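# Observations on chain architecture
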Amino acid sequence: MKVEQIYTGCLAHAAYYIESKGEAAVFDPLREVYPYLDRAKKDNAKIKYVFETHFHADFVSGHLDLQKKANAEIVFGPGAKPAYEAITAEDGQIFEVGDYKVKVIHTPGHTMESTTYLLIDENGHEHGIITGDTLFIGDVGRPDLAQHVVSELTEEKLAGHLYDSLRNKIMPLNDDLIVYPNHGAGSACGKMMSKETTDTLGNQKKVNYALRADMTKEEFIKELLTGLTTPPGYFPKNVLMNIKGYESLDNIMDRATTPYSPQAFEAVANETGALVLDTRDAADFAKGFIPNSINIGLEGSFAQWVGEMIPDIKQEILLVTYDGKEEEAITRLSRVGYDNTVGFLKGGFEAWKDSGKEFEMVNRISATELEKAMKDEIPLIIDVRKKSEFDSEHLIGAVNIPLNEINQHLAEFPKENTFVLHCAGGYRSMIAASILKQRGWQDFADVEGGFADLAKTALPKSEYVCPSTML
């Protein structure tokens, strides 16, 4: 059986392509569908099915666009109730793709409709399992997302369902099956996912904490729920978009790829109240940016932080990007449901600066400069990393205000006294700096290089503790 991973979307929603006599099955597409269409055309294959493992929370799936463009059928597992035409499969149902078969295995727990797909070749050999968010490499899916859409589905109930699915549906399968999960390290859909993207099921039974043979349901629920943090605020909104449907990406791109001169850009911002989102890296943003703009760099966890820091998914957005990065920014915004980009600054920030318009800057200092300064005066140091990172190791005396909680803790940032911001490497602290600048704070500095550089100095630090979660 030939199974090729053709598009991972930054390790999220891995897609797999099965070739057989000119037919192809596509699993979990991201919102951009052209890689699938191009690959099918190249292989002289027809996309027959779009298999969805569940209603995703962290991204808007591309199933509707792909269904329309490929004239394919969308397949969900048992219990799914989409607001558009799709096949709701039965547990154990077989779908034929040429000489190959795809078997539906209902595995509720992450969500109630969560489904694993077993891949079977032309000789009847079971090749692998597309596990969605049921089983990751080194972890399993978090069971607390569905309750944000259906309140009676508590995390304890879902964790119990997940335990049963793993024990009764997944673990009895052959050890030599290849596990193809939806996510890898860095996703907010699990606590401690491996950076590896595949493994054998047999090895996962040996090394994955959640698959211990002697684990009781009570122990499983306790271990699974320990260390979970509040999921990003945009997750429930993406779930609803994946259930109810969404606007075509082609329409979104047509509207969003409108170039504006600095004068027109300023006029549109004032007339519409659009948020100015600057997607350049932190170093360039610090040297100069449009007043009231927010920095979330493309070279980082862009979609995640857009979802965390822009509460209104319907917010109109004007983009500032590097030349040639406009379409990437629009596409990555649309992946998490931010479809109301109304244009971009033609020529980027340099055009704004060359036009003579006002701009602001962020004061940045090195870790060494902070170390020298603290010999004479000890400023307030605010660490905007996650609590788990802070608990693992931090500067003695630093205050932890995680970036995703900054809007709820603005009163803790002094306006009369100087303070210093830092994160792990400078990406998140510049997001925080841009928000503070927008809200009127001026007298602060951002540490270039973040805690990675601070850890190399002689500044006193807490004793290192291995983190129990990466959330």
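Each chain has its residues counted from 1, running along the sequence as written. Residues qualify for local features only when their pLDDT is at least 70, as the model is predicted, and side-chain atom pairs are given and counted only at 80 or more; totals for whole chains, interfaces and linings, by contrast, use all residues. Only hydrogens and water are removed before side-chain values are computed, so all heavy atoms of the structure are retained for them.

Starting at the N terminus, helices and strands are each numbered in turn, a helix being any DSSP run of H or I of at least four residues and a strand any DSSP run of E of at least two. Within the protein, the secondary structure is distributed over 16 helices and 22 strands. Radius of gyration means the value over C-alpha atoms here, while the globule rule gives 2.2 Å times the residue count to the 0.38 power. Here the protein has a C-alpha radius of gyration of 24 Å; the compact-globule value for 471 residues is 23 Å, and the two agree. Summarising its shape, the C-alpha atoms of the protein cover approximately 70 × 55 × 40 Å along the three principal directions. When the 471 residues of the protein are sorted by exposure, 56% land in the buried category. Note on contacts: a residue pair qualifies if any of its non-hydrogen atoms lie within 4.5 Å across the two residues. Long-range contacts, defined as pairs at least 24 residues apart, comprise 69% of the intrachain contacts of the protein with a sequence gap of at least 6. Surface accessibility of the protein: about 19600 Å² in total, with carbon and sulfur atoms responsible for 49%. Burial classes: relative accessible area under 20% of the type maximum marks a residue as buried, over 50% as exposed, and values in between as partly exposed (1.4 Å probe, protein chains only). Working definition of accessibility: Shrake-Rupley area with a 1.4 Å probe, residue cover restricted to the visible protein chains.

Boundaries of every domain are those given by an automatic assignment or by a domain database. Once the domains are mapped, the protein shows domain 1 (3-232), domain 2 (247-355) and domain 3 (364-469). On a C-alpha basis, the centres of domain 2 and domain 3 stand 26 Å from each other. With 19 residues of domain 2 at the contact, the number on the domain 3 side is 14 residues. By convention, the term buried area covers the 1.4 Å-probe accessible surface removed from two parts as they join, with the contributions of both added. Carbon and sulfur atoms make up 69% of the area that domain 2 and domain 3 hide from each other, which totals about 1300 Å². Its largest share of buried area at the contact with domain 3, domain 2 owes to Ile294, Trp305 and Met309, together 40% of the area lost on that side. Identification of polar contacts relies on pairs of N or O atoms within 3.5 Å, with a donor-acceptor requirement for protein atoms, meaning one able to donate a hydrogen and the other able to accept it, and with residues adjacent in sequence counted only if both atoms are side-chain atoms. At the junction of domain 2 with domain 3, the criterion picks out three residue pairs in polar contact (both at pLDDT 80 or more). Each residue gets one label: Ala, Val, Leu, Ile, Met, Phe, Trp, Tyr, Cys and Pro are nonpolar, Asp, Glu, Lys and Arg are charged, and the others, such as Gly, are polar. Within the side of domain 2 that touches domain 3, the residues separate by chemical class into 11 nonpolar, six polar and two charged.

So, about the pairing of strand β19 (residues 380-383). Pairing analysis gives four bridges linking β19 to strand β21 (residues 419-422), with the strands arranged parallel. Counterpart to leucine 380 in the pairing with β21 is phenylalanine 419. Where β19 meets strand β20 (residues 399-400), two bridges bridge the pair, whose relative direction is parallel. Considered in β20, the bridge of aspartate 383 is made with asparagine 400. Running through helix α14 (residues 387-392), the crossover from β19 to the neighbouring parallel element β20 is right-handed. Any two strands with at least two DSSP-identified bridges between them are counted as paired. Convention used here: a crossover is right-handed provided that the path from the first strand, over the helix, to the second strand proceeds clockwise when the strands point away from the viewer.

Before going further, it helps to spend a moment on helix α6 (residues 235-244). Among the residues making up α6, those that are buried are Phe235, Asn238, Val239, Met241, Asn242 and Ile243. Buried residues in α6 make contact with α2 (63-70) and α11 (326-335). Of the residues trailing α6, glycine 245 is marked for its positive phi of about 110 degrees.

Next up on the list: the UniProt feature "domain: Rhodanese" (unreviewed entry) in the protein. The feature "domain: Rhodanese" (unreviewed entry), as given by UniProt, occupies residues 270-361 and 375-463 in the numbering adopted here. A distance of 21 Å separates the end C-alpha atoms of residues 270-361, which is 37% helix and 16% strand. The annotated region residues 375-463 carries 26% helix and 17% strand content, and the separation between its end C-alpha atoms amounts to 22 Å. UniProt positions are given in the numbering used here, feature names are shortened, and annotations may be inferred rather than shown by experiment.

The subject of this paragraph is the layout of surface pockets. Both cavities and pockets are sets of points on a 1 Å grid over the protein atoms alone; in a cavity a 1.4 Å probe fits but cannot get out, in a pocket the set is open with protein on both sides within 12 Å along at least five of seven lines, and lining residues sit with an atom within 4 Å of a point. Grid points are joined across faces, edges and corners, and a volume is the space filled by probe spheres set on the points. Considered as a void within the structure, the second largest pocket measures approximately 320 Å³ in volume. Its residues placed into classes, the lining of the second largest pocket shows 12 nonpolar, two polar and two charged.

Another point: the sheet that holds strand β22 (residues 444-448). Either a parallel or an antiparallel arrangement is found when strands of a sheet pair, and the pairing is made through backbone hydrogen bonds. Taken together, five strands build an open sheet; the order of strands is β18-β22-β21-β19-β20 and the sheet is parallel. The strands lining the two open edges of the sheet, one partner per strand, are β18 (364-366) and β20. The convention used is that axes are lines fitted to C-alpha atoms, helices contributing only their stretch in contact, and that angles between N-to-C directions extend from 0 to 180 degrees. Here helix α15 (residues 427-438) sits on the sheet and contacts β18, β21 and β22; the angle it forms with β21, its principal contact strand, is near 135 degrees.

Time to look at the sheet that holds strand β17 (residues 341-345). Taken in spatial order, the five strands line up as β13-β17-β16-β14-β15 in an open sheet, and their pairing is parallel. Looking at which strands have only one partner, the edges of the open sheet turn out to be β13 (259-260) and β15 (294-295). Where strand β16 (residues 317-320) meets β17, three bridges bridge the pair, whose relative direction is parallel. Looking at β17, one finds that isoleucine 317 is bridged to threonine 341. Strands β14 (275-278), β16 and β17 of the sheet are contacted by α11, whose axis makes an angle of about 140 degrees with β16.

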